[in-house]
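# Notes for the structure review
Here is what each chain is made of, one letter per residue.
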Amino acid sequence: MILLLVAMTLLTFTQVVLRYVFNSGWGWALEATTYMFGWLVMIGISYGIKVGFHIGVDALVKLLPRPGQRAVGLVAALLCLAYAAILFIGGYQYFDTMLMLGVEAEDIPLPRWLLVSIVPIGFGLLGFRLVQMTWRILTGRLGGFNLGDEAAEVLRANLTGSSSGSDGAAR
């Protein structure tokens, strides 16, 4: 993910310099950045589940007793699994159509199926992480859907005297 972000930043910066300083540029740069962003997002969603970075509104859920939190977390995980399965199937069908048609990307001399292959891969990875989380909820190792808690991090940072605030550095 870091390499994709660095590549996107460098490519965009170079494109801006080429366009506004030298009045030229690369025609493929915007499309390449768009595909790299797609890859970044698709890899990042499963990573966010793994490390608990996704945010959600769980103020009401936290008022429930632990068994209630687990039940709500299990329902949420199963709904997310259904979502991931639907998008995996749709993403695979799109990938398969691009493979069958053999079309290239608009500005990049690569087959489009290669560039969009991350859609079924990303939702497959998301499904895998959701299955892991669902299993942890079922076995009692996790008290509910694993969400990031920015308010708790700010409180911990303030109690420990850290000046990192809520920028994620306290993780």
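Residues numbered from 1 in each chain as written. Predicted model: local features only at pLDDT ≥ 70, side-chain atom pairs only at ≥ 80, totals over all residues. Heavy atoms only, no water.

### A short note on unusual backbone geometry
- The backbone phi angle of Asn23 is positive, close to 55 degrees, even though this residue is not glycine.
- Here Asn23 is to be found in the loop between α1 (2-21) and α2 (29-51). (Helix = DSSP H or I, 4+ residues; strand = E, 2+ residues; numbered from the N terminus.)

### Considerations on the layout of surface pockets
- Quantified by volume, the largest pocket comes out at close to 480 Å³.
- Of all the secondary-structure elements, those providing two or more residues to the lining of the largest pocket are α2, α3 (59-62), α4 (66-101) and α6 (118-138).
- Residue contributions to the lining of the largest pocket peak at six residues, all from α4.
- Across the lining of the largest pocket, the residue classes break down as 14 nonpolar, six polar and three charged.
- Within this model, the second largest pocket holds a volume of roughly 160 Å³.
- Looking at the second largest pocket, the residues that line it are Leu11, Thr12, Gln15, Val16, Arg19, Tyr20, Trp26, Gly27, Ala29, Leu30 and Thr33.
- Of all elements in the fold, only α1 and α2 reach the threshold of two or more residues within the lining of the second largest pocket.
- For the lining of the second largest pocket, the element with the highest residue contribution is α1, accounting for six residues.
- Residue classes in the lining of the second largest pocket are distributed as six nonpolar, four polar and one charged. (1 Å grid on protein atoms, 1.4 Å probe; cavity = no way out; pocket = protein on both sides within 12 Å on 5 of 7 lines; lining within 4 Å. Points joined across faces, edges and corners; volume = space filled by probe spheres on them. Nonpolar A, V, L, I, M, F, W, Y, C, P; charged D, E, K, R; others polar.)

### Observations regarding a nonpolar patch on the surface
- Judged by side-chain polarity, Met1, Tyr47, Val51 and Phe53 come together as a nonpolar surface patch covering roughly 330 Å² of accessible area.
- Residue placement: Tyr47 occurs in helix α2. (Patch = residues over 30% accessible without salt bridge, like charges linked within 9 Å, V, L, I, M, F, W, Y side chains within 5 Å. Areas by Shrake-Rupley, 256 points an atom, 1.4 Å probe, with all protein chains shown as cover. Salt bridge = Lys/Arg side-chain N within 4 Å of Asp/Glu carboxyl O.)

### Points about the confidence of the model for the protein
- Chain-level pLDDT for the protein is 86 on average; 90% of the residues reach the 70-or-more range.
- Across the protein, element-level confidence peaks in helix α5 (residues 112-116) with a mean pLDDT of 95 and bottoms out in helix α7 (residues 150-160) with 72. (pLDDT = per-residue confidence, 0-100.)

### Considerations on the packing of α1 against α2
- Contact geometry for α1 and α2: axes closest at 9 Å, N-to-C directions at 160 degrees. In terms of their interaxial angle, α1 and α2 are classed as roughly antiparallel. Handedness of the α1/α2 crossing: left-handed. Residue-level contacts link Leu4, Leu5, Ala7, Met8, Leu11, Thr12 and Gln15 of α1 to Ala29, Ala32, Thr33, Met36, Phe37, Trp39, Leu40 and Ile43 of α2. (Axes fitted to C-alpha atoms, helices over the stretch in contact; angles between N-to-C directions. Parallel < 35°, antiparallel > 145°, perpendicular 65-115°, else oblique. Left-handed = near helix turned anticlockwise from the far one by under 90°. Contact = heavy atoms within 4.5 Å.)

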